[in-house]
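# Structural characterization, general
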Amino acid sequence: MATSVAGDGPQSLNGIVSDRPRAQKLTDLPTELLEHILCFPDLEHVDVCNVSCCCKRLHDVCHGRGKVWGHQYKLRKSLTLKYYAKKILYFLRQQNILRSLRTFLEQPAERQSALEGAVLVDQYCNPLAEVTLDGISAQVDEIAEKVKKMVRIKNPSHPSLRIAPGDCFVVEDFDLQRQVVSAINSVLYEQLQYKGNEFDYYNPLNSYIHQVLLRHTGIPISLSVLYMTLARKLGIQLEPVNFPNHFLLRWCQKPRGSEDIYDFVYVDAFGKGKQLTAKECEYLIGHQVTADYYSAISTTEVLLRMVGNLLNIGKRGEGNEKSYQLLRDSLDLYLTINPDNVQYLLLQARLYFHLGIWPEKVLDILQHIQALDPSQHGAVGYLVQHTLEHIQHKKHPVAPEVKRRSAPEHLEVQYSVGLIMKHKRSGYNCVIYGWDPKCTMSQEWITTMRVHQLSSGANQPFYNVLVQDGTCRYAAQENLEPHSAPLEIGHPEVGRYFSECADTHYVANEELQTRYPEDASETLGTVQALYHRPTPTDSGNREQEPPPPPPAAAAAAASDQNNHHAMSM
């Protein structure tokens, strides 16, 4: 007798088709419902990993939109688990945004919006922020309504007032165009107090459209995108101009179709909407340029200029986690838009190699460079050789160095990992996550940092510390003292080393405890003596939730750099 198999179609029995309902599989459920199930509070991160390995459908649900890992991030109390969940979420969201960017770039040029492109750049560099195209568009629409009110006061019958959302109406009359441009200037720069950020020009926030709208300041290109979007919503066709060192908009003063640079007025959105002639534009940069620099550019070229600015800021950075992340993000964006730029492909390969991450990706990049430009064989060959060595090294990892306080060479080490400290000279607050019995930095670093001016010079313990401002520093023992009023250290890498903040100190996670096995009890004794607060006797030996080994997504997102690069003594 035939039996019905779950998931099969209706079975035939003696020519009769069974009308029994088809048994549903878990994977047949809608994505939203599966996400809801996987966000059930009793499920641990290990459960989510196991479910994602079952089949492609469940893998896509777990990792596709980032909702499940976002829930895991909020749910976990362990700082280490939150740290890796955040890394995974960061990576997954970025992958989704890259897919959206590729779809955007495949559209015909006339359908590409500079505002949407700016939002995608913003989202990729801030994947954990709630930045959406709808949200940004709504804010721009609010400004456009203020401009309309201003136009209505001057001219109640102005055709811009009748433009519905989505219309492609263009105001042809120049006097009517001037009324709109005047109203934009009045609303943006007088009423809302937008301005160019001259005093903090190289802050990456100036390039993120949600921050421009929040802080009412930006750089020429970000303010130009906002200005141009407002103008087009009101029927005025302004075009982006890739002017060197100072992005501009151009506004044609003659019948459309002219390419004579003297038939345009150039709008400086950074300079409160000031209108310039072609000759006056050269005064902005102090030298003459050819007519090519006054040409209008495509939305894709606008994005390349915007991302290029971020890339340069990343290269100017101090070599900390934040600047490396910005450099990685901007390179990813640039090479998505222009995948065959050999200069930036080589920079990306060198960056990944320097950070010691994703060696397989480095080999793919190098192979692509070699195919594009065989003359790069010298640089490519060097990186290939050392990347292969890195891969071999990963297959046979060296056990981390174990430092015991009881060892004779460590008797001068006064402080232990997890202690919250204050720098006596610089005044910054920090937490110790490592130490050396003597300074291990290069002679060049020791000279640059004037270590010889310290009373004990380099011949004293030095500590790796996470600083409140987000930097990682290497500080001499004589310059540190326990903080009189311990506080949480808001550093993005805290979860990499510690599982929790226990009011007076940080509790090392399993990995850090392995490296400094005698520090936990020392830290507890120190805080009890300093702050006279009772501590449970078992708190130093509590069972820690082990950090999950970073999966491929986290490994791709987490940079494993040597934190000794930061300064301080």
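Residues numbered from 1 in each chain as written. Predicted model: local features only at pLDDT ≥ 70, side-chain atom pairs only at ≥ 80, totals over all residues. Heavy atoms only, no water.

The name given to the protein chain in an unreviewed UniProt entry is F-box domain-containing protein, with Scophthalmus maximus as the source organism.

### Some thoughts on unusual backbone geometry
Counted only if it meets this: In this text, helices come from DSSP runs of H or I with a minimum length of four residues, and strands from runs of E with a minimum of two, each type numbered from the N-terminal end. The buried label goes to any residue with under 20% of its type's maximum accessible area, the exposed label to any with over 50%, and the partly exposed label to all in between, with areas taken from a 1.4 Å probe on protein chains only.
Its identity as a non-glycine residue notwithstanding, Gln 193 has a phi of 60°, on the positive side. Tracing the sequence through the fold places Gln 193 in the loop between helix H8 (174-191) and strand E3 (195-196). Since its relative accessible area comes to 51%, Gln 193 is described here as exposed. Despite not being glycine, Arg 450 shows a phi value in the positive range, around 55°. Within the secondary structure, Arg 450 sits in the loop between helix H17 (443-448) and strand E11 (462-467).

### Let's talk about the packing of aromatic side chains
The condition that has to hold: Under the pairing criterion, centres of Phe, Tyr and Trp rings, with the six-membered ring standing for Trp, must be within 6.5 Å; the plane angle then separates stacked pairs below 30 degrees from edge-to-face pairs above 60, leaving the rest tilted. Our definition puts a charge over a ring when NZ of Lys or CZ of Arg is within 6 Å of the ring centre and also within 35 degrees of the ring normal.
Going through the model one piece at a time under the given rule, you end up with 16 aromatic pairs. A centroid spacing of 5.2 Å and a plane angle of 70° characterise the contact between Tyr 201 and Tyr 202, whose relative ring orientation is edge-to-face. Residue Tyr 201 is classed as partly exposed on the basis of its relative accessible area, which comes to 28%. Using a relative accessible area of 45% as the deciding quantity, one classes Tyr 202 as partly exposed. A ring pair is formed by Trp 445 and Tyr 474, whose centres lie 5.8 Å apart and whose planes are at 65°; its orientation type is edge-to-face. Here the residue Trp 445 occupies a position in helix H17, and Tyr 474 occupies one in strand E12 (residues 472-476), the gap between them amounting to 29 residues. Per residue, the accessibility class of Trp 445 equals that of Tyr 474, and both read buried. Site record: aromatic cluster; members linked through ring pairs are Phe 243, Phe 264, Tyr 266 and Tyr 294. The ring of Phe 264 is capped by Arg 250, whose NZ or CZ atom sits 4.0 Å from the centre of that ring. Above the plane of the ring of Trp 358 lies Lys 361, whose end atom (NZ or CZ) is 5.7 Å from the centre.

### Examining the pattern of salt bridges
Put simply, the test is: By definition, a salt bridge exists where a carboxyl oxygen of Asp or Glu is found within 4 Å of a side-chain nitrogen of Lys or Arg.
For the coordinates displayed, the defined rule picks out 15 salt bridges. Asp 60 is the partner of Lys 56 in a salt bridge, and the nearest nitrogen-oxygen pair spans 2.9 Å. With a gap of four residues between them, Lys 56 and Asp 60 both fall in helix H3 (residues 56-63), about one helical turn apart. Judged by its relative accessible area of 63%, Lys 56 is exposed. Under the relative-accessibility criterion, Asp 60 is labelled partly exposed at 37%. The partner of Asp 175 in a salt bridge is Arg 178, with the nearest N and O atoms 3.0 Å apart.

### A closer look at the environment of Ser 160
For clarity, the threshold we go by: Only heavy atoms matter for contacts: two residues are in contact if any of them lie within 4.5 Å across the pair.
Positionally, Ser 160 belongs in the loop between helix H7 (133-154) and H8. Look at Ser 160 and you get buried, because its relative accessible area is 1%. Sequence separation between Ser 160 and Gly 235 is 75 residues; the distance between their C-alpha atoms is 6.2 Å. The contact partners of Ser 160, leaving out residues within four places of it in the chain, are Lys 148, Val 171, Val 180 and Leu 234.

### Things to note about a nonpolar patch on the surface
Just so we agree on the cut-off: Within the patch definition used here, like charges are joined within 9 Å and nonpolar side chains (Val, Leu, Ile, Met, Phe, Trp, Tyr) within 5 Å, considering only residues with over 30% relative accessible area and no salt bridge. With residues, only the protein chains shown are counted as cover, and all accessible areas are computed by Shrake-Rupley using a 1.4 Å probe.
Together, Leu 26, Leu 33 and Ile 37 make up a nonpolar patch on the protein surface, roughly 240 Å² of accessible area in all. One can find Leu 26 in the loop between strand E2 (16-17) and helix H1 (31-38).

### Let's talk about the nonpolar core
Here is the rule: Nine residue types can take part in a nonpolar core, namely buried Ala, Val, Leu, Ile, Met, Phe, Trp, Tyr and Cys, and a core is a set of them joined through side-chain atoms within 4.5 Å. An automatic or database domain assignment supplies the residue ranges for each domain.
Ile 143, Leu 188, Tyr 194 and Tyr 227 are the most contacted members of the largest nonpolar core, which has 87 residues in total. Taken domain by domain, the makeup of this core includes at least three residues from each of domain 2 (96-304) and domain 3 (340-395). Excluding anything up to four places from it in sequence, Leu 188 contacts Ile 143, Gln 193, Tyr 194, Leu 226, Tyr 227 and Leu 230. Among the nonpolar cores identified, the runner-up in size contains 29 residues, and Met 421, Tyr 428, Leu 466 and Tyr 506 belong to it.

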